[in-house]
Structures are given as C-alpha cells and as structure tokens.
Amino acid sequence: RNFEIMAGAHSGTQVPHTVMEQVCPTKRPCIATQDITFTRPTKISRIAFRNHYTASITIRATQDREALHRKDRESLEGWVTILKHAKLMDDPHSEDTSQYWHSFGADELTGGFGE
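This is a predicted model, so every value here is computed, not measured.

Cut-off values and rules
Residues numbered from 1 in each chain as written. Predicted model: local features only at pLDDT ≥ 70, side-chain atom pairs only at ≥ 80, totals over all residues. Heavy atoms only, no water. Helix = DSSP H or I, 4+ residues; strand = E, 2+ residues; numbered from the N terminus. Buried < 20%, exposed > 50% of the residue type's maximum accessible area, 1.4 Å probe, protein only. Contact = heavy atoms within 4.5 Å. Areas by Shrake-Rupley, 256 points an atom, 1.4 Å probe, with all protein chains shown as cover. Core = buried A, V, L, I, M, F, W, Y, C linked by side-chain atoms within 4.5 Å. Patch = residues over 30% accessible without salt bridge, like charges linked within 9 Å, V, L, I, M, F, W, Y side chains within 5 Å. Salt bridge = Lys/Arg side-chain N within 4 Å of Asp/Glu carboxyl O. Lys, Arg positive; Asp, Glu negative; His and termini not counted. Charge placed at Lys NZ, Arg CZ, Asp CG, Glu CD. pLDDT = per-residue confidence, 0-100. Polar contact = N/O pair within 3.5 Å; in protein donor to acceptor, adjacent residues only side chain to side chain. Disulfide = S-S within 2.5 Å.

Re the overall build of the protein
The helix and strand inventory of the protein stands at one helix and eight strands. Walking the protein from its N terminus toward its C terminus, one meets helices and strands in the order β-β-β-β-β-β-α-β-β. Within the protein, buried positions represent 30% of all 115 residues. Considering only intrachain contacts with a sequence separation of at least 6, the fraction spanning at least 24 residues in the protein is 57%. Taken as a whole, the protein presents about 8,200 Å² of accessible surface, with 50% of it coming from carbon and sulfur.

Description of the nonpolar core
Core analysis: the biggest nonpolar cluster contains 13 residues, and I47, L83, F104 and L109 have the highest contact counts within it. For this core, the secondary-structure elements that each account for two or more residues are β5 (46–50), β6 (56–61) and β7 (80–87). Counting residues per element, this core draws most heavily on β7, which supplies three residues.

Side note on a negative patch on the surface
On the surface, D90, D91, E95 and D96 cluster together to form a negatively charged patch. One can find D90 in the loop between β7 and β8 (101–105). Judged by relative accessible area, which is 59%, D90 ranks as exposed.

Concerning the confidence of the model for the protein
Here the protein averages 81 in pLDDT, and 83% of its residues register 70 or above. Within the protein, the element-level pLDDT minimum falls on strand β1 (residues 3–7), averaging 70, and the maximum on β8, averaging 92.

Quick word on the side chain of T62
Positionally, T62 belongs in the loop between β6 and α1 (65–70). Here D64 takes part through its backbone nitrogen, which lies 3.0 Å from a polar atom of the side chain of T62. A polar side-chain atom of T62 sits 2.6 Å from the main-chain carbonyl oxygen of G78.

A few points about the state of the cysteines
Summed over all chains, the structure comprises one disulfide. For C24, the disulfide goes to C30, at an S-S distance of 1.4 Å.

Written out as structure tokens, the structure reads:
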C-alpha cells in the first residue's frame, strides 16, 4: 500500500479512496498528474505516501465534478491548491531520498480541505 489518507483529527480513520493511473503528457521527465477520488466529500487530517522518484509535489483538490473533466486543460478553475511545491527529494539527480515515505498533516494543507 503506497497511499494512506486519514480523516478525523483524533480518530485516525483511513478514508476509502481510489488511486488512478498516473498521467504524463510527454516523455519522462515530465509534470505528471495522478487522481485520487473519494466516494464523498472528506475533511483530510493526513496524507501519507511512499515517493517514487518525484522531486516535488503540488496537491490540488476539488469538490466540483465538472472540474475533474477540465483538468487536462490550461484552466484550473474549480481547483484549490492545498499543498504547493513540497520538496520530496534532497537532490532530484540522486536516488538517496527517492523512495522515502512522506506525510502531510492538516496543518500543512490549505484551502479548507484539511481539518
């Protein structure tokens, strides 16, 4: 299991979610996107995952189903950035920190999506 998404500040309850295939519009290296969907709106208390050679990450969230269909376009209308350019690797040209686990709590997530 490479993703853990928790809800409830004290309960630490794992939130049911679906991790979709990663999409990279060009040959790697590239800016890839990966959707994680929920069955219902969820207040997130923590997102944890094991990295796989990604230098940094930006997380965007939406509750607008129409925005999901617009995600491949230039417009980010309907999307909220909840984590911006978080560094995941000390050096993107080295494998030393390329597969570490990372955890971001509600205090690091903005836009009203963290608890």
